[in-house]
Amino acid sequence: MVTPVAAASTTSTSYTPTVTGAESGTDEKSATINYESFLKLLVAQMKNQDPTEPMDATQQMAQLATFSQVEQTIKTNKNLESLLQRTSLQEANSVIGRTVTSEDGTISGVVTEVTLYNDGIVATLDSGKTLIIGPGVKVSETVANTPETSDPET
């Protein structure tokens, strides 16, 4: 998720993303471990139930539904991560060569390159300054300066 942004005054200012790919991968591994633990518990419960008083069918169906929901949530999260990566690439590509201005108007320039992080984009301007692209940043078409060739007296 992109955090609130502000202008960075020089190229020496480093940007630290708030969420790393490693953390995202850890969340997925944690969910998978919980998923596997749930399966083990369900199987153990079914093996060790009292044959004279078996588990209620509605409880068993509820547990299986929960199992299915966890599995689908893991798959959905993977798809969302992929979609967010593609969207970030498109957003980064769309600002290269355009003029960007910080929310307070103190930094402005043409974007020469962008650096993608898990939670945002940092643009490097033609002046060498960097600007975090996010809410409040104005993006506009770059107008080429053309010298005037017509002389009104000729």
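Residues numbered from 1 in each chain as written. Predicted model: local features only at pLDDT ≥ 70, side-chain atom pairs only at ≥ 80, totals over all residues. Heavy atoms only, no water.

Summing up its helical and strand segments, the chain has two helices and five strands in all. Counting from the amino terminus, helix and strand elements in the chain follow one another as α-α-β-β-β-β-β. Contacts in the chain between residues at least 24 apart in sequence constitute 54% of all its contacts with a sequence separation of at least 6. Only carbon and sulfur atoms are counted for the fraction: they give 55% of the accessible area of the chain, which is about 11000 Å². (Helix = DSSP H or I, 4+ residues; strand = E, 2+ residues; numbered from the N terminus. Contact = heavy atoms within 4.5 Å. Areas by Shrake-Rupley, 256 points an atom, 1.4 Å probe, with all protein chains shown as cover.)

Moving on: the sheet that holds strand 5 (residues 138-140). Ordered by their spatial adjacency, five strands build an open sheet running 4-3-2-1-5, and the pairing between neighbours is antiparallel. The sheet terminates laterally at strand 4 (130-133) and strand 5, the two strands that pair on one side only. Geometrically, the sheet is characterised by an average inter-axis angle of 45° between neighbouring strands, direction not taken into account. Bridge analysis of strand 1 (residues 99-101) against strand 5 gives three bridges, and the strand direction is antiparallel. Paired with Thr99 across the two strands is Ser140, which belongs to strand 5. Seen against the sheet, helix 2 (residues 57-95) touches strand 2 (108-117), strand 3 (120-125), strand 4 and strand 5 and runs at an angle of roughly 160° to strand 2. (Pairing = 2+ DSSP bridges. Axes fitted to C-alpha atoms, helices over the stretch in contact; angles between N-to-C directions.)

Here the focus is the pattern of salt bridges. Taken as a whole and judged by the stated rule, the model has one salt bridge. For Glu141, the salt bridge identified is with Arg98, shortest N-O distance 3.1 Å. With a gap of 43 residues between them, Glu141 in the segment after strand 5 and Arg98 in the loop between helix 2 and strand 1 connect regions that are remote in the sequence. (Salt bridge = Lys/Arg side-chain N within 4 Å of Asp/Glu carboxyl O.)

Quick look at helix 2 now. The end-to-end C-alpha distance of helix 2 is 57 Å, a good match for the 57 Å that 39 residues give at a rise of 1.5 Å each. Restricting attention to buried positions, one finds in helix 2 the residues Phe67, Ile74, Ala92 and Val95. Immediately beyond the C-terminal end of helix 2, within one or two residues, lies Gly97, with a positive phi of roughly 85°. (Expected span 1.5 Å × (residues − 1). Buried < 20%, exposed > 50% of the residue type's maximum accessible area, 1.4 Å probe, protein only.)

It is worth spelling out the pairing of strand 4 at this point. The side-chain alternation of strand 4 yields two buried faces, one formed by Thr130 and Ile132 and the other by Leu131 and Ile133. Pairing of strand 3 with strand 4 involves four bridges; the strand directions are antiparallel. If you follow Ala123 over to strand 4, its bridge partner there is Leu131.

What follows is about the confidence of the model for the chain. Looking at the chain, the pLDDT average stands at 74 and 70% of residues meet or exceed 70. Strand 1 holds the highest mean pLDDT among the elements of the chain, 92, whereas helix 1 (residues 21-47) holds the lowest, 68. This model gives residues 1-17 a pLDDT under 50, and the stretch forms 33 contacts once residues within four places in sequence are excluded. (pLDDT = per-residue confidence, 0-100.)

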